[in-house]
Structure formats: C-alpha cells, structure tokens
Amino acid sequence: MARSWRKRWLPSPPLSVLVFCFWLLLNDAVSAGDAVMGLVLAILIPPFAARLDREFARIGSLRQVPRMVGILLLDIVRSNITVALQVLGPEREIHPGFIWVPLDIRNIHGIAVLTSIITLTPGTVSSALSDDRRYLLVHVLNLADADEVVAQIKTRYEKPLMEIFP
C-alpha cells in the first residue's frame, strides 16, 4: 500500500528534485515561500509528466557527430551566401516549392534533429511530418531540381543521423 502511494505521488524522485532545484534557480532570492512553492511543484509536476507518452532516445555511434557538425556549418555558410545572392538578384529567377522527402530514419529524435538541421540551413524549412513519420514536407526557396535536394538531404544528413539515432 505504501509503495503504491509513493509511486502515485512521486513517480520519479529524481524529477521531483530537478523541478525543485530549477524552481529555486529561477527565483532571484531563496526564501521560505520559494522553497514551499518549489516543493509543491516538485510534487505536482512529476505525476503529470509520468502520464505523457515518452519515446526514449536510443543513441548509437557518435563517431559521425564531428563530421556532421562540420558539414552542417559549411552548408549554413554556403546557403547564406546563396540565399543572399538570390534575394538580391532578380525575383523572377527564384522558384520556391515544396517537396516530400521520403524518410528511412524511424527514430523520432533523429527525425527531430533532421528537421532542425533542414530549418537551420537557409533556403529550406521543414514544414510537416506525415502521420506515419515516413515523409517530411520541406519548403525550398529556389527549387531547381527536387530529386537533387532530396538526395542531398538523405546523404548529407539523414544517413549519418541513422547511425547516431538507430
């Protein structure tokens, strides 16, 4: 009986401690009132968090991370220059469009990183993920060759991410 009470009201003691500590850090000064409020939040928040459907991140090999960060930084610089030239050039030469990128990656955390990378790279924005997580809708500022954009996303980003997030 005591165990079920504790599990119900304190499903995750580490989360309760974390909530309490963050609450105290968010306040300018620590007072008895702040501590009581932190304690109340530390008791109320974890039971709600425990009800959320969680999909935990599975991490595979991290050896691709340095290379991928380098590629991403290079792509961001190149894309900034390309987008600046396109925006400053004649408007009639810009052909925006949407493309559906078929996804091989299934790990939701890997998909989240992929969508962030696409959005971080100027000229592309992740717009939607299909309900079955098999397709990603991407808006491209200047879409000359959809197949080429899909191939670049899959080889430069998705393939390494599949190794990081199996």
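Attention here is on the structure that accompanies the text.

Here is what the cut-offs are and how they apply
- Residues numbered from 1 in each chain as written.
- Predicted model: local features only at pLDDT ≥ 70, side-chain atom pairs only at ≥ 80, totals over all residues.
- Heavy atoms only, no water.
- Core = buried A, V, L, I, M, F, W, Y, C linked by side-chain atoms within 4.5 Å.
- Buried < 20%, exposed > 50% of the residue type's maximum accessible area, 1.4 Å probe, protein only.
- Helix = DSSP H or I, 4+ residues; strand = E, 2+ residues; numbered from the N terminus.
- Contact = heavy atoms within 4.5 Å.
- Pairing = 2+ DSSP bridges.
- Axes fitted to C-alpha atoms, helices over the stretch in contact; angles between N-to-C directions.
- Left-handed = near helix turned anticlockwise from the far one by under 90°.
- Nonpolar A, V, L, I, M, F, W, Y, C, P; charged D, E, K, R; others polar.

### So, the nonpolar core
Working step 1: Residues I99, V101, L114, V138 and L161 are the most contacted members of the largest nonpolar core, which totals 23 residues.
Working step 2: No other element matches helix α6 (residues 146-164), which puts six residues into this core.
Working step 3: Ignoring any residue separated from it by four or fewer positions in sequence, one finds V138 in contact with G97, F98, I99, V101, I118, T124, V125, S127 and I153.

### Here we look at the sheet that holds strand β3 (residues 135-140)
Backbone-to-backbone hydrogen bonds pair the strands of a sheet. The strands run either parallel or antiparallel.
Working step 1: Ordered in space as β1-β3-β2, the three strands form an open sheet in which the pairing is antiparallel. Either end of the sheet is taken by a strand with one partner, and the two such strands are β1 (97-102) and β2 (124-129). Geometrically, the sheet is characterised by an average inter-axis angle of 30° between neighbouring strands, direction not taken into account.
Working step 2: Lying over the sheet, helix α5 (residues 108-120) contacts β2 and β3, oriented at roughly 145° with respect to β2.

### Re the packing of α5 against α6
Working step 1: Where α5 meets α6, the axes come as close as 9 Å, and the angle between the chain directions of the two elements is 145°. Where α5 crosses over α6, the handedness of that crossing is right-handed. Facing G110, V113, L114, I117 and I118 of α5, the residues of α6 in contact are I153, Y157, E158 and L161.
Working step 2: The residue makeup of the contact of α5 with α6, split by class, is seven nonpolar, one polar and one charged.

### Some points on unusual backbone geometry
A negative phi angle characterises most non-glycine residues, just as the trans form characterises most peptide bonds.
Working step 1: Positive phi, normally seen in glycine, also occurs at R133, with a value near 60°.
Working step 2: Take R133: it is sitting in the loop between β2 and β3.

### Things to note about the pairing of β3
Working step 1: Bridge count between β1 and β3: six bridges; the pairing is antiparallel. Its bridge partner lying in β3, P102 is registered against Y135.
Working step 2: With five bridges connecting them, β2 and β3 associate as antiparallel partners. Along β3, the bridge assignment pairs A128 with L137.
Working step 3: What sits between β2 and β3 in their antiparallel hairpin is a turn of five residues, with R133 showing a positive phi close to 60°.

Note that all results are geometric; they support no functional claim without further evidence.
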